[in-house]
Amino acid sequence: MEQTNSEFWRAKRVLLTGHTGFKGSWMSLWLQSMGATVRGLSLTPPTEPALFNVARVAEGMQHHITDIRDFSAVMTQLDDFQPEIIFHFAAQPLVRHSYQQPIETYATNVMGTVHVLEAARHTASAKAIVSITTDKCYENREWVWGYREDDPMGGHDPYSSSKGCAELVSSAYRHSFLLNARIALATARAGNVIGGGDWGADRLVPDILRALQSKQPVEIRNPHAIRPWQHVLEPLSGYIRLAVALQDGTAPTGSSWNFGPPETAVHEVQEVAIFVASRWGASDAVHITPDHSNMHEAQLLQLNSSKANTQLNWSTRWSFHDTMHHTVDWYRGWSSGQSVEMLTKSNITDYLSLRP
Ligand SMILES: NC(=O)c1ccc[n+]([C@@H]2O[C@H](COP(=O)([O-])OP(=O)(O)OC[C@H]3O[C@@H](n4cnc5c(N)ncnc54)[C@H](O)[C@@H]3O)[C@@H](O)[C@H]2O)c1
């Protein structure tokens, strides 16, 4: 299917919001490698270093600093570029920051989404929109089984709730403006992802690698917490399939889609730390110091991705070990001065060489 995708994407005009971020940078490189004409609207990269800079993502696309809180700026960009496909990634994505800056979080995640959809519906060329939210958009019932697309929206903290709101915005746009229209709109929900080039705050694998690089011990306080792990390329491949299906009419429009790993892909935090440290060549760097006050925080949020599995023929390709070793080797290559653009593109090639 990816071969067909390459044909589909060649010279396609694709607009990405959030292209300077972690997922947006991977997506930009992937779309560039398929020959798409890509324009990105974002603020400056959110971290230092940033994948966007070290992989020289801007060189293969039209890079614009544009604040999605400013409707007229977004409208001007869409009017000028006339995209066929829009991937909306831009967000304030950090839970902790959302407690400190709730107004900024809602302004970006909710009104920013309104601005992108409003501009898209006034853009004659637009045919398909994939709006990226998160598994945290669901009302958390503390279930042990995976959330399905028609479960209620919710979110306790400002970040999660803003993403639940962004889902409701998309739903209202569909029903109010896009039903039977020429634009197909879908939302895509995935959980935390890992991969080379993430320097975000409060993320386990980047935190471990930061410690290893500075030859500090890796302190693990919640060793038995389990999380669903997936490489960033897994949901991105789902978004790509979804956009193709929206445009060629094989996916029902006006729909939401989960892209999560299978239930067997859950692993303990200590397993991740030990795997990463030993592949880095510092297996004795991991120090398990359980913090019992935190033990009850560990709640597993899982997605049921049966709809994407059956209707988009999407499933994850890399095992836990594949995911981890590609991630650690990427950071090792970066720290030894290899071309990050090549490292990233060779991860994409490896990924595509496996059938889903
Ligand atoms: N990384 C994950 O594990 C994860 C998990 C679930 C969902 N998501 C979602 O995926 C998307 C991308 O996440 P990420 O991890 O790449 O985040 P990131 O912080 O690396 O990137 C965020 C991007 O949004 C842009 N942005 C922020 N505010 C903006 C504004 N006002 N105007 C224009 N651009 C703005 C930033 O410039 C950056 O390009 C987000 O919607 C996030 O909620 C990410």
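The paragraphs below set out a description of the structure included in this document. Just so we're clear, the structure is a prediction, and the values are computed from it rather than from any experiment.

Quick notes on the rules
Residues numbered from 1 in each chain as written. Predicted model: local features only at pLDDT ≥ 70, side-chain atom pairs only at ≥ 80, totals over all residues. Heavy atoms only, no water. Near = heavy atom within 4 Å. Polar contact = N/O pair within 3.5 Å; in protein donor to acceptor, adjacent residues only side chain to side chain. Helix = DSSP H or I, 4+ residues; strand = E, 2+ residues; numbered from the N terminus. Pairing = 2+ DSSP bridges. Axes fitted to C-alpha atoms, helices over the stretch in contact; angles between N-to-C directions. Contact = heavy atoms within 4.5 Å. Buried < 20%, exposed > 50% of the residue type's maximum accessible area, 1.4 Å probe, protein only. Right-handed = clockwise from strand over helix to strand, strands pointing away.

### Side note on the site of the ligand
Around the ligand sit 29 residues in total, of which T20, K23, F89, Y159 and K163 are the nearest. Between the ligand and D67 there is a distance of 2.9 Å, counted from a nitrogen atom to a side-chain nitrogen or oxygen. Contacts to the ligand include Y159, whose side-chain N or O atom sits 2.6 Å from an oxygen atom. Taken together, the elements giving at least two residues each to the shell around the ligand come down to α2 (22-33) and α7 (158-178).

### Observations concerning the sheet that holds strand β3 (residues 62-65)
The parallel open sheet is built from seven strands, whose spatial order is β3-β2-β1-β4-β5-β6-β9. One side of each edge strand has no neighbouring strand; the edge strands of this open sheet are β3 and β9 (255-258). Put simply, the sheet's adjacent strands are angled 15° from each other on average, direction ignored. Note: strand β1 (residues 13-17) against strand β2 (residues 37-42), five bridges, orientation parallel. Opposite L16, over in β2, you have G40 as the bridge partner. Sheet strands in contact with α7 are β5 (128-132), β6 (184-189) and β9, and its direction is about 165° off that of β6. Packed onto the sheet, helix α9 (residues 233-248) meets β4 (85-88), β5, β6 and β9 and runs at close to 150° relative to β5.

### A word on the pairing of β2
The element β2 is largely enclosed, with a buried count of five among its six residues. The parallel pair β1 and β2 is bridged by α2, and the resulting crossover is right-handed. Alignment of β2 against β3, held across four bridges, turns out to be parallel. Bridge pairing in β3 places L41 opposite H64.

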